[in-house]
Structures are given as C-alpha cells and as structure tokens.
Amino acid sequence: MKDIEILAPVGKMSMLYAGLSAGASSFYLALDDFGARAYAKNFSLENIEEVIDYIHLFDKKVFITINTLVKDEEIDKAIFYIEKLFEYGADAILIQDIGLYSLVKNINKNANYKLEFHASTQMAIKDYEGALTAKKLGFDRVVVARETEIDEIEKICKLDIDTEVFVHGSLCVSFSGECLMSSYIGKRSANRGRCAGICRKKYQLINDGKVLGEDYYLSMKDLSTIDFTDDLIKAGVDSLKIEGRMKTDEYVYNTVKNYRQKLEKNSYNKEQLRDISNRSYTKGFIFGQKSSYIALENENKHRQIGEVYEKRGKRFFKSNSNLKKESILQVTTEKNRKLPLTLTEDLKKNQELELKDFPDAKVGSKIYILSSKILKDNLDQGLASYKNLPLDIKFEGKIGQKPKISLKYKDTKISYEGENLVEEGKNISLNEKDIEENLTKLGNTIYEANKVEIDIDSNIFLRKKDINSMRRRASEILNEKRLAFYKNNPVKIEKRKLKERKIFKREKNIELLSNDIDTSLLKDFDNIYLRKYDKKFDGLNIFYVMDADQKYDLDLISFLKEKNFKGVIFNNYKDFVLKDKLIKNGFEIRIGRYLNVFNSYAFDFYSDFSSMISSSVENSFENINKNSKRYPTEILAYGPIELMNMRHCPFSAIKKCGLLGCESCKFSDSKIKDEEGNVFDIKRHDGLSRIYSNESTNIDLKKIEKSVSLLYLVRDNEDIKNIRKNKINNLGYDRGVI
C-alpha cells in the first residue's frame, strides 16, 4: 500500500509545531499576499525560508498557496514570490490564476529540486475531464472540489496526476471559485482570499411571497470522512487534506493525530474528534450525504456529556465521558439561559456531579462540553516529544590531534574537527561518560541521540565548552548539508510579450436563462447564447453555453452540427478536453464568466484559441478597457449575477426530501432573504441550485471603450424590455474587488 499523505493547515508557527508533533506528512500555508485565507496570520517573504527549512529538516513537505486571482499590477510581485520560493526549495505552489500559471509553469527548466504546481480547489475541478485538463496543462496535482463524489474521484486517481481530497474541516456551500456572494454583498472577494462568510448568516426562505422559515440555510456542517479513509485509499487518493488555517493549535494536533491513528492503527478517538469542532459533522457529498448536512440553529453544535436530573431537591448530572479539570461545560437553566460551567476537578465516566452553582438547572436538559482540557493536554504532550530525530554520534579524541565529531542522520553524514588539540590530562582528565554527557545535550536541536560511539585515548584533557561548541557546529553543518538538497539557484522569469494592439468591433450578445423568450426581441443582438436548444432560434447566430457542472463527450459535436450552432461557451476546465475537436470541426470557442478571467495574461492565454473572452465580473472597468485593446473582450453589461452555484438546496432543509424530486418541486423557483433585507432569486435544475441577484446589473456604457463587447443576461421578455431602463449600478466594475 502506498504511503498516504496527511496534509495539515498552517496559519501561524505554533500550528506548524502542532502538526509536526501529531504526525502530519505535509503542510500548506500562505504568504501575506495571494493566499485564499487572507485573514489568517500567514507568513512573510522575510521569514518563509526559515519555515520551509524547518519543515524539510523533519523530512516533511511544504506547499505555499498562491491561489487567488491576481491583478495586473500584482503580477510582478506574484512572480517574484514564486522565484524566491523556487530558490528556497518549496515543494509546491497551489495556484488558481491561469494567467499567472502560464507565466511560471516552466520554472523547473534547470531546477536542482522541482517546484510542483497544484491546481487549487478554486479552479473548480470536479471530475475526470477537469483533472485531465489540469494534467495536460502541466499541473502535478489537482485539489478536487469538495462536492466531487468518491466514484468520480476514483476515476481521477487513474490519471497520472496526484489527487488531493479535502477530508476534514469547514465546508463552503458553493463550489469554490464559483461564489460571488461575498464580493456582491460585502465587496470582499472569495477569489481574492477575503470571503466575508456570507453563507454563515441567517436567511429567510420565500416562495409565492410567503416566508417558510428563517435559519442558517446556507451554513454547512463540518466535513469528517475519517470513517471512510479505507474508501479513499482504495480509490487511489494521494493526499488527505485537513482544512483549518484559521483554526487553533489544538484543532490541528488532535485532528491530524486521529487521522494518523486511523491510517496506522485503524482506530481513533471519536469523542476528541467531535470536541474539536464547534459544528456537528457531515460525511459530505463526497460520500453521498443528501440530507442533514446543514448546521441549523437548533442543531447540537457540541457533544452531549450528560443530562440534568433532580435528587433530594438538588440538581446533578452523570458524565458519560472522562473529563479533565478546567474543561468548560454548558448548563441550561429553567429560564433557558445557556451558562458556562468550568470543572474544578477531574470527572470519571459515569461519575455524578452536583451542580452546586446551578440550583435552577433545568431538569431533563442536556449538558454539553464546550471546551475539553484533554485536547490541550494532548497538544502539550505532543509538543514535548516531537523533536526526536534519531542521530548517530561518533567522537574521536587522540592526544596531539584535533578532536573529531561525526554525525549521521539517515543517509546524511558529516564530520567536523575542533580547533584545539587534544591534550594529555595532568590534574584533570575526561572519560567516555563525561564526553557522552556533553555530546548528547541536544535539547536545542530537533535531534535525539541514537547510537553514540566514543574513541579516545586514556587520560585526555579537552575543555567541555569545546566539546559543546563542536556539537553545536556539527549540528549546523549537518542541517546545512541536508537542506542543500532542496535549494535552487536564483532564477528570473521573463514575462512573455502580450499580443499586439488591435481594433475590435463591439458585439452585442445576449445569454438566455430561459428559452421562454419572444424571438422578435432578439433582432438587435449579434449572438444568442443558449443553455438549451429550441428550434425557434434557428437562423440566428446561436452559441451553446456549456454548463460548468455538466459533462460532455463527442456527442456534443454531432449535436452542435445538427442544430447549426456557431460555437460554444467554455465555463469550466473540463470543457477543454473537447477544445481541439471543436476547433477542427469549425466551431468557435468563447470563454465564459465562470473561468474567472482577471488579468492580461489570462486574456492572453485564452486568446490563443478563443474568439471572445468574457471578463470576470469582479474585474474593473480600467482593466477591461485596457485588455479590449489587445483581446476580444466581453463584459456582463446587464442582468442578474450568478452568485452561488451549489449542490445544496436550502428548501431541502424544510422539505426533508434528500434532494429528490427536484424536477416537479414547487420550490425550484423561489427566493431567499438575508439579515440585511437583501433578496435573491434561487433556481434549481439539473441537480444544482443557483442563487442570482434580484437586482440586475446595469453598467454605464460611457465607462467602457467601444472595443468592449456587451453581454446581456436575461430571464424573460421583461428583462429585455427593461434594458437601459433600469438604474445604473455598475456592479463593482468602478473599482474592482478588494
């Protein structure tokens, strides 16, 4: 059986120590910029080499996340970061932005130590075809979307590309890379690492004008697949990824430790794994959970450890677990107040505790554990013992010669001679025990003495401080030799030249969310983008919108020919597998909004095979105008914004339908309303729910160049009739996102 990687999150240095002590194989972390968790503490370019070195000394790997969309003015900085990380010996870069990737992918041309590139989950790779595209683009690993089911993962694992799967931690309700809610509401882009956590708020469900409920309908429970590790191994997964760069040291230690024990001993502590999370768990869409995966308000967020009962007029509970002093419990009073109780003594399983400070504890109410001291104790024990790499030590001391120390760790050996000659002892001499005592003082290193060999003349004299100095310097030389394996010579990446400036004629294009449209209203549009074919559109310039979540094969080519489509709109990397066949058969390829084209080098990349490139809706007027001088550029000028794309249906939380019967469900066209009063349309079809802005975007055409083509996204005839009547709001184009 192959060695399965446990990949741990690091948001600060203490989390790294926790992961090392728990037995993580590899670590992922970010610098101050370009990481998808911008609010973690993260690291700087000034200290990252030290961090990389420390991880490598433990024979572990380190992956740096540069997985945000990158603005044109940030490209040079992002490239510089990657150049330095290559030089420092980082093992991999997680990347989302295709423009940036296209510039740096060939950095290993003269490498001593290869820098891998991993396709971030922000690239929304959900299936075999998407992973195949990543492989052909040169990626070494794909981080599979959290919604991908195990059968599809098994297919991906058959490709010659590493497969990394999220197995534990917080879940986004939307496909990563396809969520604009934070950007739209909070002006903070998830694609820029600044998600505002909009899905963790309360929402009302509305149908036919009636409020059907108010709860946390978009807030997912935490993922836990520890009971399914055998299935992941059988599928061929290379890396088990634990989410949590903004969580605690205790979380990292106890989660990694339990997954390590599950892999090695097929056992784990279920109670401890439950206590480390503030939400209950789901096995996720990956293992087919279709209900009870949302963290609703009345869900038990913590583990129950007892129930209040009355005895002789007093209130008690009996613990169902061993609990440590200083653990914090939650007690509910008769007035339904939730109050904390800090234990002042250890509790044994089945031990009774009188609730002396809570005479009004509600009889029959549950006692929950909010914070377990055991988790902190586990971490402390691990931190006290992880610096124990076995080191073989040999010392030679011959009178009249310089003393010599040799160190060996695994296959790496070094020798170091002291500066002062060994003298014959006159009044004081050293024996083997004295020397061994000094040689094995490795407390400030990551090593622990394993085999110690001492070869000395009798009656020698050597200052103990000289022995200590030799030991310290030899340890440094050993580390330097070990780390040299990872280092690369400095490299300078030259950006390719962008395409020459060119004049483009503006197109006026329309994308139909429904085919229930009067074709007479389409006469002023150059091209019609259809999600489904209808013969009433025959004779028009029609393009087929490839759904970001639907698979296509060569039958699509026949369909396009038969229905006289002019071309297709790509919206996901899986679509690329048909690129050459489409071009060979004379079809145009256009790039859709879901591919997040954000900078000049992304435009440049796609311009090699596409006839139109739709800019990210998170872009700025300035950048869109600039790129329209070189590339066929399209802007969403009017219409609702697709804010979320998800497998989950919020209405399933009240229907308890298990995501079945969607085709005939009366809630498939409804609304949701947030705590601030914002209303959104929510539509479900083909097993997916999409949330749209209720208000249509309508841009000021005076803000854009004549070279920018316009795209109108419409739901019905009224949307077309209201073009230019709606008030101008410019979305975020005036400044772009943060």
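This write-up is about the structure you can find in this document. (Residues numbered from 1 in each chain as written. Predicted model: local features only at pLDDT ≥ 70, side-chain atom pairs only at ≥ 80, totals over all residues. Heavy atoms only, no water.)

## Quick word on the overall build of the chain
Note the following rule: Helix and strand labels come from DSSP, where a helix needs a run of H or I of at least four residues and a strand needs a run of E of at least two; each type is numbered from the N terminus. Type-normalised accessible area, obtained with a 1.4 Å probe on protein chains alone, sets the label of each residue: buried when under 20%, exposed when over 50%, and partly exposed for intermediate values. Contacts are residue-level and defined by heavy atoms, with any inter-residue pair within 4.5 Å sufficient. In short, Shrake-Rupley with a 1.4 Å probe defines the accessible areas, and a residue's cover is counted only from the protein chains shown. When charges are counted, Lys and Arg are positive and Asp and Glu negative, with His and the chain ends excluded. All charge positions are set by atom: Lys at NZ, Arg at CZ, Asp at CG, Glu at CD.
The helix and strand inventory of the chain stands at 19 helices and 38 strands. Once the C-alpha set of the chain is aligned to its principal axes, its extents read approximately 110 × 80 × 45 Å. For the chain, buried positions account for 57% of its 738 residues. Looking at the chain alone, contacts between residues at least 24 apart form 69% of all its contacts between residues at least 6 apart. Counting every atom, the chain has about 32500 Å² of accessible surface; 44% of that belongs to carbon and sulfur. With 127 positive and 114 negative side-chain charges, the chain shows a separation of 2 Å between the mean positions of the two kinds.

## So, the pairing of strand 17 (residues 338-342)
We apply this condition: Here the rule is simple: two strands pair whenever DSSP picks up at least two bridges between them.
Looking at chain direction, strand 16 (residues 328-332) and strand 17 are connected through 5 bridges and run antiparallel. Note that in strand 17 the partner of Thr332 across the bridge is Lys338. In sequence, strand 16 turns back onto strand 17 through a hairpin of 5 residues, with Asn336 there showing a positive phi of about 65°.

## Quick word on unusual backbone geometry
A positive phi is found at Asn266, a non-glycine position, where the angle reads about 55°. Here Asn266 shows up in the loop between helix 9 (249-265) and helix 10 (270-275). You will see that Glu326, though not glycine, has its phi angle at about 85°, which is positive. Assignment of secondary structure puts Glu326 in the loop between strand 15 (314-318) and strand 16. Given a relative accessible area of 47%, Glu326 falls into the partly exposed group.

## Here's the deal with the side chain of Thr163
Looking at where Thr163 falls in the secondary structure, it is placed in strand 7 (residues 162-169). Contacts of Thr163, omitting those with residues within four sequence positions, involve Arg141, Val142, Val144, Ile153, Ile156, Cys157, Val237, Asp238 and Ser239.

## Some details on the packing of helix 2 (residues 48-57) against helix 13 (residues 464-484)
Spelled out, the test is: Between the N-to-C directions of two axes lies an angle of 0 to 180 degrees, each axis being a line fitted to C-alpha atoms and, for a helix, fitted only over the stretch in contact. Note that the term roughly parallel is reserved for angles under 35 degrees, roughly antiparallel for angles over 145, roughly perpendicular for angles of 65 to 115, and oblique for everything else. Amino acids outside the nonpolar list (Ala, Val, Leu, Ile, Met, Phe, Trp, Tyr, Cys, Pro) and the charged list (Asp, Glu, Lys, Arg) are all regarded as polar, and Gly is one of them.
At a minimum axis distance of 10 Å, the contact between helix 2 and helix 13 shows a crossing angle of 95°. Classed by the angle they form, the pair helix 2 and helix 13 counts as roughly perpendicular. Packed against helix 2, whose contacting residues are Asp53, His56 and Leu57, the element helix 13 presents Asn479, Arg482 and Leu483 at the interface. Taken together, the residues of the contact of helix 2 with helix 13 break down into 2 nonpolar, 2 polar and 2 charged.

## Brief notes about the pattern of salt bridges
Using the following cut-off: Here a salt bridge means any side-chain nitrogen of Lys or Arg lying within 4 Å of a carboxyl oxygen belonging to Asp or Glu.
According to the stated counting rule, one finds 60 salt bridges in the structure shown. Where Lys410 meets Asp59, a salt bridge forms, and the shortest distance between an N and an O atom there is 3.1 Å. One end of the pair, Lys410, is in the loop between strand 21 (404-409) and strand 22 (412-417); the other, Asp59, is in the loop between helix 2 and strand 3 (61-66), and 351 residues separate them in sequence. A relative accessible area of 53% places Lys410 in the exposed class. Asp59 sits in the partly exposed class, given a relative accessible area of 35%.

## A look at the nonpolar core
Threshold: Buried Ala, Val, Leu, Ile, Met, Phe, Trp, Tyr and Cys residues that are joined via side-chain atoms within 4.5 Å together make up what is termed a nonpolar core.
In terms of nonpolar packing, the biggest core is built from 207 residues, with Ile48, Phe139, Phe570, Tyr606, Ile635 and Ile691 touching the most fellow members. Those residues in contact with Phe139 that sit more than four places away from it in its chain are Ile95, Tyr101, Phe117, His118, Ala119, Met123, Ala134 and Ile161. By size, the runner-up hydrophobic cluster in this structure holds 15 residues, among which are Ile305, Leu341, Leu343 and Ile367.

## Some remarks on helix 5 (residues 128-137)
For helix 5, the buried fraction is high: 7 of the 10 residues fall into the buried class. Burial in helix 5 covers these residues: Glu129, Gly130, Ala131, Leu132, Thr133, Ala134 and Leu137. Contacts made by the buried residues of helix 5 are with helix 4 (98-104), strand 5 (116-119), strand 6 (141-143), helix 6 (150-156) and helix 16 (600-607).

## Digging into the sheet that holds strand 33 (residues 642-646)
Read from one edge of the open sheet, 6 strands run 9-8-34-35-36-33, paired in antiparallel fashion. Looking at strand neighbours, the two that pair on one side only are strand 9 (210-215) and strand 33, the edges of this open sheet. If you compare each strand with its neighbour and ignore which way they point, the axes differ by 25° on average. By the bridge criterion, 5 bridges tie strand 34 (residues 669-674) to strand 35 (residues 679-685) in an arrangement that is antiparallel. Counted as the bridge partner of Asp669 is Lys683 from strand 35.

## Remarks on helix 14 (residues 555-562)
In plain terms, the rule: The arc in question is the one spanned by the directions pointing from the helix axis to the C-beta atoms.
Buried residues of helix 14: Leu556, Ile557 and Leu560, and no others. Projection of helix 14 onto a plane perpendicular to its axis shows the buried side chains occupying an angular sector of 105°, all on one side. For helix 14, the exposed residues set more than 90 degrees away from the buried face come down to Asp555 and Glu562. Of the surrounding secondary structure, the elements contacted by the buried residues of helix 14 are strand 28 (542-545), strand 29 (567-570) and helix 15 (579-584). The first or second residue beyond helix 14 is Asn564, which carries a positive phi of 60°.

## A look at the side chain of Asp275
Structurally, Asp275 can be placed in helix 10. Setting aside residues up to four positions removed in sequence, Asp275 forms contacts with Arg303, Ile369, Ser372 and Leu375.

## Things to note about the environment of Gly586
Mapped onto the fold, Gly586 is located in the loop between helix 15 and strand 30 (588-591). Taking the relative accessible area as the measure of exposure, Gly586 reaches 62% and is therefore exposed. Placed 358 residues apart in sequence, Gly586 and Phe228 show a C-alpha to C-alpha distance of 46 Å.

## Details of the packing of aromatic side chains
Put simply, the rule reads: Any two of the Phe, Tyr and Trp rings considered here, Trp counted by its six-membered ring, make a pair once their centres fall within 6.5 Å; the pair's planes then place it as stacked at under 30 degrees, edge-to-face at over 60, or tilted in between. Criterion for a charge above a ring: Lys NZ or Arg CZ within 6 Å of the ring centre, and within 35 degrees of the ring normal.
In this structure the tally under the stated criterion is 32 aromatic pairs. Look at Tyr544 and Tyr552: their rings are 5.9 Å apart centre to centre, the planes differ by 90°, and that puts the pair in the edge-to-face class. According to the relative accessible area criterion, Tyr544 is buried, its value standing at 8%. Classification of Tyr552 as buried rests on a relative accessible area of 13%. Three or more aromatic residues link up through ring pairs in this structure, and these residues are Phe570, Tyr573, Phe576, Phe605, Tyr606 and Phe609. We note Arg146 situated over the ring of Phe166; from NZ or CZ to the ring centre the distance is 3.8 Å. Across from the ring centre of Tyr28, 4.4 Å away, lies the NZ or CZ of Lys241, which sits over that ring.

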